[in-house]
Amino acid sequence: MTARHTLPLALLLAGALSCAEATSPSRVPNYEWRLVWEGGLDTLSFHWPEDMLPVKIWVEDSLDMPARVQEGVDDWQGAFLYGEYAAVLVSDSSSADVVVRVVTPPPKAIATVNRLNTLLPGCEGATDLDIEFIATQYELRLPVRMYVAPRYDPATTDLTECFRVTARHELGHSLGLFQHTSDSRDIMYGNPEAEGLSARDINTAQLVAHWPANLIPTR
Amino acid sequence: MRIPYAFPLAAALALAPAAPAAGQVRLTAMVGVTGSSALVTDQIFEDIELKPALAPTFFLSASLPVATRLRASLDLSYGSSSADLTESGQDASDLGSIGVLTAAVALEGPLVSRLSWRLSLGVIEYLPSEETGLFSDGVPVAGLFGAGLDWRQPLSERWSGVAGVRYDFHLFTTPTLEAAGFSGSQQVSRVGLAIGAAWDFQ
Ligand SMILES: [Zn+2]
């Protein structure tokens, strides 16, 4: 083969390759994620700032909950393309950004806590967001507190899947999905039953991570 | 689709036509830098772009004459740099580093004076340091088309100094990007500049 033959071949190849055009996804369908604040006075959006990643999560070592939360973390991390969210389980609750207790959600201790409740047939969950307007900005006081608890005796009923779904759902709240959806295929459905994240969950999580946050995490 | 045997295959293809030809083998080693266009362009409210930073790159090639004024060559290159993510042109999250390995068969011939041309076909493999996000299911090996110019300055009977410029083109996608709804592949162009030495032996 000579250069005379090689050049047209190469140009033909380049031409064929140039036919493929990349288009990025639209992130549709999605759902509203922002927390409606004080009866619609404002809407609050939150995502973990890059310098706080990986988010530190402490999980009470009961009913195999650390494994369920880790599965949820893996699912949510897999929803992102550009490392927008990462989390690790830590052994010290005092420095954790998210604290997961395996107890029935206790009465709200502080009036500023905004609680998101979840109820499944076998278990229940809640996420407490302690939000205050300080000076010029909304602050989310860490840690975010999550609760997961059985509604029946776990010794007689296998609640593994219930815990898995609830942990995944509450983690969704902790990364900024502050509303419940009306579609039972979403993990952020009020009484979730989905076995994984829906396309709507993934699309919305990606939008949250890139929408300007007006709720800032503080300690 | 991953092609784990692509590099040995490229090597075999390169050597097969060259082996029967009796002539002067030339080994060339160069170091330089490679710049790349974006691997991913996206839009989530703002424009997002993932692009390897300017990468220190090693180039190696072995060539044999296969005809008058024509040599066949096996080319290898490796470079590594950070995978830079920008959002609205601003630096965004860190995606670790990314190694880029290429193997190609090339034809080269004299152009004018001490300048020679080269055209190549091969494969390119991305080796991200962290298999997360868009890299979580790996990066398939892609076909590569390349072209280049070399300037060779004889220094002795067997040694010469070489300065080269390389251009190559390939299509980039990952299984994770496809699953996320990206259609088609990103057209990626890379340009490399390098200097080094060549050694001729019988
Ligand atoms: Zn909920």
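This write-up is about the structure you can find in this document. (Residues numbered from 1 in each chain as written. Chains lettered and ligands numbered in written order. Predicted model: local features only at pLDDT ≥ 70, side-chain atom pairs only at ≥ 80, totals over all residues. Heavy atoms only, no water.)

**Brief notes about the coordination of the zinc ion**
Residue and element names in this part refer to chain A. What counts is decided by this rule: Only N, O and S atoms count as donors, using a 2.8 Å cut-off from the metal and 3.2 Å for Na, K and Ca, and because water is excluded some sites may appear unfinished. The numbering of helices and of strands both runs from the N terminus, where a helix is a DSSP run of H or I of at least 4 residues and a strand a run of E of at least 2. Throughout this description, buried means an accessible area under 20% of the type-specific maximum (1.4 Å probe, protein chains only), exposed means over 50%, and partly exposed covers the range between.
Coordination of the zinc ion by the protein is provided by His-169 (NE2), His-173 (NE2) and His-180 (NE2), with metal-donor distances spanning 2.0 Å. In terms of primary sequence, the donors binding the zinc ion are separated according to H-x3-H-x6-H. Note that His-169 and His-173 are positioned in helix α3 (residues 160-174) at a spacing of four residues, about one turn of the helix. The class of His-173 is buried, set by a relative accessible area of 0%.

**A word on the pattern of salt bridges**
Convention followed: Every case where a carboxyl oxygen of Asp or Glu lies within 4 Å of a side-chain nitrogen of Lys or Arg is listed as a salt bridge.
Summed over the entire model, instances satisfying the criterion amount to 24 salt bridges over all chains. Here Arg115(A) ties to Asp128(A) by a salt bridge, and the two come within 2.7 Å at their closest N and O atoms. Residue Arg115(A) is found in strand β6 (residues 113-119), and its partner Asp128(A) is found in strand β7 (residues 123-134); the two are separated by 13 residues along the sequence. One salt bridge connects Asp200(B) with Arg152(B), and the closest N-O pair in it is separated by 3.9 Å. With Asp200(B) in strand β10 (residues 186-201) and Arg152(B) in strand β8 (residues 142-154), the pair connects residues that are 48 residues apart, well separated along the chain. Under the relative-accessibility criterion, Arg152(B) is labelled partly exposed at 25%. Through salt bridges with shared partners, a single network forms among Arg26(B), Arg71(B), Asp75(B), Glu108(B), Arg118(B), Asp150(B), Arg152(B), Arg166(B) and Asp200(B).

**Some details on the packing of aromatic side chains**
Test applied: The criterion for an aromatic pair is that two Phe, Tyr or Trp rings (for Trp, the six-membered ring) have centres within 6.5 Å, with stacked assigned to planes under 30 degrees apart, edge-to-face to planes over 60 apart and tilted to the rest.
A complete count under the given rule lists ten aromatic pairs over all chains for this structure. Between Phe133(A) and Tyr138(A) the ring centres are 4.8 Å apart and the planes differ by 70°, which places this aromatic pair in the edge-to-face class. Classification of Tyr138(A) by relative accessible area gives buried; the value is 10%. For the ring pair Tyr126(B) and Phe172(B), a centre distance of 5.2 Å and an interplane angle of 85° mean the geometry is edge-to-face. Residue Tyr126(B) is found in strand β7 (residues 115-128), and its partner Phe172(B) is found in strand β9 (residues 159-172); the two are separated by 46 residues along the sequence. For Phe172(B), a relative accessible area of 3% gives the class buried.

By themselves, these figures tell us nothing about what the structure is for.
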